[in-house]
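So you can see what is in the structure, the chains are spelled out below.
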Amino acid sequence: MSATLTKPVTADELLAMPDDGHCYELVKGELRMAPPPGSEHGEVTMNLAGPLYQHVKKHNLGVVYAAETGFKLESNPDTVRAPDVAFVRIESLQQTGRSPGYRSGSPDLVVEVLSPSDRVTSVEEKVSEWLEAGARMVWVVSPKLRTVTVYRSLTDIVVLTAKDKLDGGEVVPGFQINVAEIFG
C-alpha cells in the first residue's frame, strides 16, 4: 500500500486556475470547493450588500467587494478565503494600494451569508481565521434563523434578530439597516 502525497496549492496557482464554474478557497494549501449558493443566499446577500455599497460610496469610506473576491490570509502554506461581501476602509487601501491578484490580509468587515450546505464547524473556522487575520468585524447572516451574528472578537459576539438594527460601528461609520430588511 502506498500513500500519494500532493504538494500544497499556492495562491498564485489558485488565481491561475481556469474557471470551471465552481468556487474554490485555499486553506493551508488545500483546495476546497463549495457548491454555488442558492437563490435565497443571493437575494439575502444583495439585500445587505446593496445598501452597504451605497453608504460606503456616498461617504467615500473605502471599497465594498462582491462575493467570491479572494483575500490571502496566510502564506506557506497559503490560505485564500472568499467572503460573500467584504469591506476595506480607505485608510487600509491607502496603506497597501490595489492589486490585480488576491488582496493580502483580511478586509475590515467580512460578511458570510450561510447556505444550507454550511456546517457550523466550517463557519466557526472561517470566523476565527478572519478575525486572526485582522478583520475588525464579521457578520454571519443566517437566512434560516433570520439572524445576524456580529463578531468583534471571539468573545465579543452579539446576535441580532429581525426586530434589531445592524450598524457598522467604528468599522463602517454611519451604516445602519434593519435586520428584517436583509431578509426581505
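All values reported here derive from a predicted model rather than from experimental measurement. Note on numbering: residues in each chain are counted from 1, in written sequence order. pLDDT decides what is reported in this predicted model: residues at 70 or higher carry local features, side-chain atom pairs at 80 or more are listed and counted, and totals for whole chains, interfaces and linings draw on all residues regardless. Hydrogen atoms and water are omitted, and side-chain values are computed over all heavy atoms in the structure.

Trainee: Got a sec to walk through the overall build of the protein chain? Specific residues and values, please.
Mentor: Across its full length, the protein chain carries five helices and 13 strands. On C-alpha atoms alone, the protein chain measures out to a radius of gyration of 17 Å, which is about the 16 Å that the 2.2 N^0.38 rule sets for 184 residues. For every residue, the accessible area (1.4 Å probe, protein chains only) is compared with the maximum for its type, and the residue is labelled buried under 20%, exposed over 50%, or partly exposed between those bounds. When the 184 residues of the protein chain are sorted by exposure, 41% land in the buried category. In the protein chain, 56% of the contacts between residues at least 6 apart in sequence involve partners at least 24 apart. With the model as given, the accessible surface of the protein chain reaches about 10400 Å², and the carbon-plus-sulfur share is 53%. Of the side-chain charges in the protein chain, 18 are positive and 25 negative, and the distance between the mean point of each set is 4 Å. Starting at the N terminus, helices and strands are each numbered in turn, a helix being any DSSP run of H or I of at least four residues and a strand any DSSP run of E of at least two. Within these notes, the globule rule equals 2.2 Å times the number of residues to the 0.38 power, and the radius of gyration is based on C-alpha atoms. Throughout, a contact is declared for two residues whenever any of their heavy atoms are within 4.5 Å. Accessible surface is estimated by sampling points in the Shrake-Rupley manner with a 1.4 Å probe; for residues, cover comes only from the protein chains shown. Positive: Lys, Arg. Negative: Asp, Glu. His and the chain ends are not part of the count. One atom stands in for each charge, and that atom is NZ of Lys, CZ of Arg, CG of Asp or CD of Glu.

Trainee: Please set out the side chain of Lys126 residue by residue, giving values where relevant.
Mentor: Tracing the sequence through the fold places Lys126 in helix α4 (residues 120-132). When neighbours within four sequence positions are excluded, Lys126 is seen to be in contact with Glu25, Arg81 and Glu112.

Trainee: Help me get a handle on the nonpolar core, residues and values and all.
Mentor: In terms of nonpolar packing, the biggest core is built from 26 residues, with Leu48, Leu109, Trp139, Val141, Leu166, Val172 and Ile182 touching the most fellow members. Within the residue set of this core, elements represented by two or more residues are α2 (39-58), β6 (85-89), β8 (109-113), β9 (137-142), β10 (147-151) and α5 (179-182). Dropping the residues within four chain positions of it, Leu109 is found in contact with Leu52, Val85, Ala86, Phe87, Met137, Trp139, Val171 and Val172. Among buried residues, those of type Ala, Val, Leu, Ile, Met, Phe, Trp, Tyr and Cys that are joined through side-chain atoms within 4.5 Å constitute a nonpolar core. Core analysis: the second largest hydrophobic core is formed by 16 residues, Val63, Phe71, Val127 and Ala135 among them.

Trainee: Provide a residue-level description of the packing of aromatic side chains, including the pertinent values.
Mentor: Note on ring pairs: Phe, Tyr and Trp rings are taken, using the six-membered ring of Trp, and paired if centres are within 6.5 Å. Classes follow the plane angle, with under 30 degrees stacked, over 60 edge-to-face and the rest tilted. Under the counting rule described, the total for this entry stands at three aromatic pairs. When the centroid spacing of 6.2 Å and the interplanar angle of 75° are considered together, the rings of Phe71 and Trp130 count as edge-to-face. In this pair, Phe71 sits in strand β4 (residues 71-74) while Trp130 sits in helix α4, placing the two residues 59 residues apart along the sequence. Neither Phe71 nor Trp130 differs from the other in exposure class; each is buried. Ring geometry for Trp139 and Phe175: centres 6.1 Å apart, planes at 25°, overall stacked. Of the two residues, Trp139 sits in strand β9 while Phe175 sits in the loop between β12 (165-167) and β13 (176-178), which places them 36 residues apart along the sequence. For the residue pair Trp139 and Phe175, the accessibility class agrees, reading buried in each case. The rings of Tyr65, Phe71 and Trp130 are connected pair by pair, giving a single aromatic cluster.

Trainee: I'd love a proper account of the environment of Asp19, names of residues and values included.
Mentor: For Asp19, the position within the fold is in the loop between α1 (11-16) and β1 (23-27). Residues Asp19 and Val9, 10 residues apart in the sequence, show an inter-C-alpha distance of 16 Å.

Trainee: Mind laying out α2, listing which residues take part and the relevant values?
Mentor: What sets the pattern is the α-helix's 3.6 residues per turn: residues three or four places apart point alike. Taking 1.5 Å of rise per residue, 20 residues should cover 28 Å, and α2 covers 28 Å from first to last C-alpha, within 8% of that figure. The set of residues buried in α2 consists of His41, Val44, Thr45, Leu48, Ala49, Leu52, His55 and Val56. Once α2 ends, the next one or two residues include Asn60, with phi positive near 50°. To estimate how far a helix should reach, multiply one less than its number of residues by 1.5 Å.

Trainee: Could you give an account of the pattern of salt bridges, naming the residues involved and the relevant values?
Mentor: The rule for a salt bridge is simple: a side-chain nitrogen of Lys or Arg has to be within 4 Å of a carboxyl oxygen of Asp or Glu. In this structure the tally under the stated criterion is 11 salt bridges. Notably, a salt bridge pairs Glu25 with Arg81, separated by 2.7 Å at the nearest N-O pair. Of this pair, Glu25 sits in strand β1 while Arg81 sits in strand β5 (residues 79-81), and the two are 56 residues apart along the sequence. The class for Glu25 is buried, based on a relative accessible area of 9%. Among the ionic pairs, Glu125 bridges to Arg81, the shortest N-O distance being 3.3 Å. A residue pair is termed long-range when its members are at least 10 positions apart, and Glu125 in helix α4 and Arg81 in strand β5 qualify at 44 residues. A network of salt bridges, in which partner residues are shared, links Glu25, Glu30, Arg32, Arg81, Glu112, Glu125, Lys126 and Glu129.

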